[in-house]
Amino acid sequence: MTFVRTLALALAAASVLAPAARAQEAVGDLTLTFPDLKAKQGQILIAVFDSPQGWASGKPVRVANASAAQDPAAAKILALPPGAYAVRAFQDVDGDGKMGTNPFGMPTEPYGFSRDAQPNMGPPSFDAAAFEVKAGANAQSLRLN
């Protein structure tokens, strides 16, 4: 009888742990590369968004950075749940931790968006920059202007 209870507990634990293991396997890793940087100095600061609301409010689900001295500069974002994402990035050439702008608010440091979405009087929409992350390895290349 004890063996049967132990076996039943082990099977119950396995049924609880198996979905968690499957959920962990069902994540995507995202490699972001930044080819053709004009300046090989500073850091590239990266913000990853998973919704139009987060994009509009400037609240990323993940942040990362990459050394601009690498060729090509790259960063890896691990364990993203599958779904739609969009990325904003800029190269912090002067090392002050924020995007440099001119007196009119126009960026003076290189910046870019996933899918090479183009700004129009402000950042592009989430939908214009969005791409799918699937389980496993994923990659995006962003050109900084």
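Residues numbered from 1 in each chain as written. Predicted model: local features only at pLDDT ≥ 70, side-chain atom pairs only at ≥ 80, totals over all residues. Heavy atoms only, no water.

A.B. asks: Which residues make up the confidence of the model for the chain, and what values go with them?
C.D. replies: Residues at a pLDDT of 70 or more form 83% of the chain, whose mean pLDDT is 87. Every residue in residues 1-23 scores below 50 in pLDDT, and together they form one contact with partners more than four places removed in sequence or on other chains. (pLDDT = per-residue confidence, 0-100. Contact = heavy atoms within 4.5 Å.)

A.B. asks: Before we move on, can you summarise the side chain of Gln-91 with the specific residues and values?
C.D. replies: Locating Gln-91 in the fold gives a position in strand 5 (residues 83-92). Its relative accessible area of 1% is what places Gln-91 among the buried residues. Looking at Gln-91, its side chain comes within polar contact range of the main-chain oxygen of Gln-41, at 2.9 Å. Setting aside residues no more than four positions away along its own chain, Gln-91 makes contact with Leu-37, Ala-39, Gln-41, Gln-43, Ile-44, Ala-68, Glu-109, Pro-110 and Leu-144. (Helix = DSSP H or I, 4+ residues; strand = E, 2+ residues; numbered from the N terminus. Buried < 20%, exposed > 50% of the residue type's maximum accessible area, 1.4 Å probe, protein only. Polar contact = N/O pair within 3.5 Å; in protein donor to acceptor, adjacent residues only side chain to side chain.)

A.B. asks: Quick one: what's the story with unusual backbone geometry, residue by residue and with numbers?
C.D. replies: Residue Pro-72 follows Asp-71 across a cis peptide bond; omega there is -5 degrees. Along the chain, Pro-72 falls in the loop between strand 3 (62-67) and strand 4 (73-80). If you check the backbone angles, Asp-36 has positive phi at about 60 degrees while not being a glycine. Along the chain, the position of Asp-36 falls in the loop between strand 1 (28-34) and strand 2 (43-49).

A.B. asks: I'd love a proper account of the packing of aromatic side chains, names of residues and values included.
C.D. replies: Here the structure, examined in full by the defined rule, presents four aromatic pairs. Pairing Trp-55 with Phe-126 gives two aromatic rings, centres 6.2 Å apart and planes at 75 degrees, and the pair type is edge-to-face. Placement of Trp-55 in helix 2 (residues 52-57) and of Phe-126 in helix 3 (residues 126-129) is noted, with a sequence separation of 71 residues between them. Residue Trp-55 is classed as buried on the basis of its relative accessible area of 5%. For Phe-126, a relative accessible area of 7% corresponds to the buried category. Among the aromatic residues, ring-to-ring pairing joins Phe-49, Trp-55, Tyr-111, Phe-113 and Phe-126 into one connected group. One residue, Arg-88, lies across the ring of Phe-49, its end atom 4.9 Å from the ring centre. Cation over ring: Arg-88 sits above Trp-55, and NZ or CZ is 4.2 Å from the ring centre. (Phe/Tyr/Trp six-rings, centres within 6.5 Å; stacked < 30°, edge-to-face > 60°. Lys NZ or Arg CZ within 6 Å of the ring centre and 35° of its normal.)

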